[in-house]
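Chain by chain, the residues:
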Amino acid sequence: MIIAARGILSHAEAGTDRAMLTFPSVTALASGSLIATLRAGATKDDAGERIEIHRAASRGDAWSGPAAVLPAPQIDGKAGSLKLCYLTETTPGSLLAAAMWVDRQSHPGAPLFNTETDGCLPMAIVLARSDDDGQSWGRWQRVPLPARLGPPSLTAPILALPDGGLVMSIETNKTYADAGPWDQRAVFLGSGDGGTTWSEPRTVARDPSGRLFNWDMRCAVRPDGRIETFAWTYDTSAGAYLDIHRRTATADASDVTEPVPLGFADQPGRPAILPDDRLVLPYVDRFGAGQICARVAHGPDGDFGAPIVLHRQEAQTDTASAGEETLSQMSQWSYGLPSAEVLPGGAVLILWYAGTPERMDIHWARLIDPEPTER
């Protein structure tokens with residue numbers, strides 16, 4: 001595939017509460033239009049952050065918005081913020097929004113990650129529904145999750161299966177003051193009633209030794225219902241990011257393949273699966289060339305081809321080496337989090353954020369097959 005067009009979905013405004021735009025995600029709707037969410041804030045982590053909704057026609061050339069701003073709910077009487085939000089169209093016109101809520105009241109003024117423990121502020125996953133293509137939304141509803149998961153990170157949109165079931169992908173975290181070992185894992189929870197109730201968590205990625213962390217597990221559903229997953233793999237002993245690791249799992253995680261290193265690093269984005277079974281994986285090469293790229297694999301067992309460079313960070317602001325990074329330092333990174341979606345006609349749209357320490361915009365690129373030529 002090649003890059004046919006690129007642009008800016010939304011420009012940030014330095015020095016305002018929209019200076020930092022991050023966590024972009026796009027959904028192609030059955031109506032033929034596109035709907036995107038992004039996180040807006042004065043910094044990359046602040047109590048005033050919120051979710052914006054933007055819209056475009058089917059190709060994604062021109063975006064309008066924010067068409068709406070989704071406010072954060074109070075949970076257990078505590079004020080919080082929404083760090084990210086993903087949308088899933090469950091049936092034509094009906095959308096399920098899944099967002100990660102952060103408690104900003106229990107530890108006033110504290111950052112998301114504890115610099116001493118790598119624990120997280122209290123978090124929750126909340127869902128809201130729309131029956132009019134995202135024009136209006138119902139109330140946020142908290143998803144009950146076992147306390148043993150710790151503060152839950154949402155790593156993908158709610159996955160819609162061919163049989164109508166849903167899957168939620170969650171990453172575990174430590175509580176804020178917990179200085180003990182981190183039993184890090186990524187799990188699936190399933191729902192057969194449209195997201196009203198959810199199963200017990202089932203482990204998809206975990207290193208029993210505790211040496212390897214499987215962060216940011218990005219997922220996509222194949223036509224046969226199996227789920228492709230890609231993990232950002234960190235070696236705690238070496239203090240280094242390894243190759244992205246790929247696993248394929250059933251929805252109930254009863255059958256998960258062994259992790260396969262892909263031969264390139266480091267942080268995967270949300271993949272997209274084309275109707276001909278090709279898989280497009282965007283990813284961030286932060287500690288190598290300082291780029292955001294995409295690669296295409298043919299079929300579930302195919303190798304990934306050469307990188308398609310989506311973005312080069314001309315002024316390299318993320319200068320620390322991988323071994324020096326902690327979770328708390330991720331708030332300083334100035335580009336990343338690519339997310340892909342298949343468009344009508346078979347093109348692929350990829351969003352990401354990039355900019356400077358003063359402002360970060362949301363960028364897009366549209367990939368097409370080189371033949372026939374797009375007009």
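Residues numbered from 1 in each chain as written. Predicted model: local features only at pLDDT ≥ 70, side-chain atom pairs only at ≥ 80, totals over all residues. Heavy atoms only, no water.

Trainee: Can you help me understand the overall build of the protein chain in this one?
Mentor: A count of helices and strands for the protein chain gives 0 helices and 27 strands. The globule rule puts the C-alpha radius of gyration for 375 residues at 21 Å, and the 19 Å found for the protein chain is close to it. By its C-alpha atoms, the protein chain is 55 × 45 × 45 Å across when sized along the principal axes. Counting the 375 residues in the protein chain, one finds 58% classified as buried. For the protein chain, contacts bridging at least 24 residues in sequence account for 50% of all contacts bridging at least 6. When the accessible surface of the protein chain is summed, it comes to about 14900 Å², and 51% of that surface belongs to carbon and sulfur atoms. (Helix = DSSP H or I, 4+ residues; strand = E, 2+ residues; numbered from the N terminus. Rg over C-alpha atoms; globule rule 2.2 N^0.38 Å. Buried < 20%, exposed > 50% of the residue type's maximum accessible area, 1.4 Å probe, protein only. Contact = heavy atoms within 4.5 Å. Areas by Shrake-Rupley, 256 points an atom, 1.4 Å probe, with all protein chains shown as cover.)

Trainee: Sorry if this is basic, but what is going on with the nonpolar core here?
Mentor: In terms of nonpolar packing, the biggest core is built from 31 residues, with Leu-9, Leu-34, Trp-63 and Leu-349 touching the most fellow members. Looking at this core, the elements with two or more residues in it are β1 (2-10), β2 (20-28), β3 (34-41), β15 (212-221), β16 (227-235), β26 (348-355) and β27 (360-368). When sequence neighbours within four positions are dropped, the list of residues in contact with Leu-9 reads Ala-36, Leu-38, His-54, Trp-63, Leu-351, Ile-362, His-363 and Trp-364. The next biggest cluster of nonpolar side chains, apart from the first, holds 25 residues, and it includes Val-102, Cys-120, Met-168 and Ile-170. (Core = buried A, V, L, I, M, F, W, Y, C linked by side-chain atoms within 4.5 Å.)

Trainee: I keep staring at the pattern of salt bridges and nothing clicks. Help me out?
Mentor: Side chains that differ in charge, positive against negative, can pair when their charged atoms come close. Per the stated rule, a full pass over the model turns up 25 salt bridges. Between Arg-278 and Asp-276 there is a salt bridge, and its shortest N-O distance comes to 2.8 Å. Overall, Arg-278 belongs to the buried group, its relative accessible area being 11%. One network of salt bridges, in which partners are shared, links Arg-39, Asp-45, Asp-46, Glu-49, Lys-83 and Arg-104. (Salt bridge = Lys/Arg side-chain N within 4 Å of Asp/Glu carboxyl O.)

Trainee: For this particular structure, what's the right way to read the pairing of strand β23 (residues 291-298)?
Mentor: Consecutive residues of a regular strand have side chains that alternate between opposite faces of the sheet. Judged by how many residues are buried, β23 sits mostly within the fold: 7 of 8 residues are covered. Bridge count between strand β22 (residues 278-285) and β23: 8 bridges; the pairing is antiparallel. In the strand pairing of β23, Pro-282 is matched with Ala-294. In sequence, β22 turns back onto β23 through a hairpin of 5 residues, with Gly-290 there showing a positive phi of about 70 degrees. With 4 bridges connecting them, β23 and strand β24 (residues 308-312) associate as antiparallel partners. (Pairing = 2+ DSSP bridges.)

Trainee: So what exactly am I meant to see when it comes to the sheet that holds strand β8 (residues 123-130) here?
Mentor: Neighbouring strands of a sheet are bound in pairs by backbone hydrogen bonds; such pairs are parallel or else antiparallel. Strands sit in the order β6-β7-β8-β9 across an open sheet of 4 strands; the sheet is antiparallel. Two strands lie at the open edges of the sheet, namely β6 (80-91) and β9 (141-142), each paired on one side alone. As paired elements, β6 and strand β7 (residues 94-103) share 10 bridges and run antiparallel to each other. In the strand pairing of β7, Thr-91 is matched with Ser-94.

Trainee: Looking at this model, I keep getting lost on the packing of aromatic side chains. Mind explaining?
Mentor: A ring pair, where both rings are aromatic, is described by two values, the distance of the centres and the angle of the planes. Under the definition given, this model contains 14 aromatic pairs. A centroid spacing of 4.9 Å and a plane angle of 55 degrees characterise the contact between Tyr-234 and Tyr-241, whose relative ring orientation is tilted. Overall, Tyr-241 belongs to the buried group, its relative accessible area being 11%. Linked through ring pairs, Trp-182, Phe-213, Trp-215, Trp-232, Tyr-234, Tyr-241, Phe-287 and Trp-333 together constitute an aromatic cluster. (Phe/Tyr/Trp six-rings, centres within 6.5 Å; stacked < 30°, edge-to-face > 60°.)

Trainee: What exactly am I supposed to notice about the state of the cysteines here?
Mentor: Simply put, disulfide is the name for a covalent bond between the sulfur atoms of two cysteines. What the rule picks out here adds up to 0 disulfides. Cys-219 supplies the cysteine sulfur nearest to Cys-85, a cysteine that is in no disulfide, at a spacing of 17 Å. Taking the relative accessible area as the measure of exposure, Cys-85 reaches 2% and is therefore buried. (Disulfide = S-S within 2.5 Å.)

Trainee: Explain the environment of Gln-141 to me, please; I cannot follow it from the model alone.
Mentor: Relative to the helices and strands, Gln-141 is located in strand β9. Spatially, the C-alpha atoms of Gln-141 and Arg-129 are 9.4 Å apart, while their sequence positions differ by 12 residues.

Trainee: Is there a simple way to think about unusual backbone geometry in this case?
Mentor: At the junction of Gly-65 and Pro-66, the peptide bond is cis and its omega measures out at 10 degrees in the coordinates. Relative to the helices and strands, Pro-66 resides in strand β5 (residues 63-70). The amide bond that connects Ala-265 to the next residue, Asp-266, takes the cis arrangement and shows omega of 10 degrees. Phi is positive for Asp-118, close to 65 degrees, though the residue is something other than glycine. One can find Asp-118 in the loop between β7 and β8. The class of Asp-118 is partly exposed, set by a relative accessible area of 23%. In this model, Leu-337 sits at a positive phi of 55 degrees, which is unusual for a non-glycine residue. In this structure, Leu-337 sits in strand β25 (residues 335-342).

Trainee: Mind showing me how you'd approach the side chain of Asn-114 here?
Mentor: Examined against the element boundaries, Asn-114 turns out to sit in the loop between β7 and β8. One polar contact links the side chain of Asn-114 to the main-chain carbonyl oxygen of Tyr-176, over a distance of 2.8 Å. If near-sequence neighbours (up to four positions away) are discounted, Asn-114 is found in contact with Gly-119, Tyr-176 and Ala-177. (Polar contact = N/O pair within 3.5 Å; in protein donor to acceptor, adjacent residues only side chain to side chain.)

Trainee: Sorry if this is basic, but what is going on with the confidence of the model for the protein chain here?
Mentor: Interpretation of this model should avoid reading the predicted coordinates in detail wherever pLDDT is low. Predicted confidence across the protein chain gives a mean pLDDT of 92, with 94% of residues reaching 70 or more. Scored below 50 in pLDDT, residues 319-325 makes 15 contacts in the model with residues more than four places away or belonging to other chains. (pLDDT = per-residue confidence, 0-100.)

Trainee: Looking at this structure, I do not really get the environment of Ala-365. What am I missing?
Mentor: Within the fold, Ala-365 resides in strand β27. A relative accessible area of 0% means that Ala-365 is categorised as buried. Remark: the alpha-carbon pair of Ala-365 and Asp-252, spanning 113 residues in sequence, is separated by 34 Å. Once residues within four sequence positions are removed from consideration, Ala-365 is found in contact with Ile-3, Ala-5, Arg-6, Leu-310, Val-348, Leu-349, Ile-350 and Trp-352.

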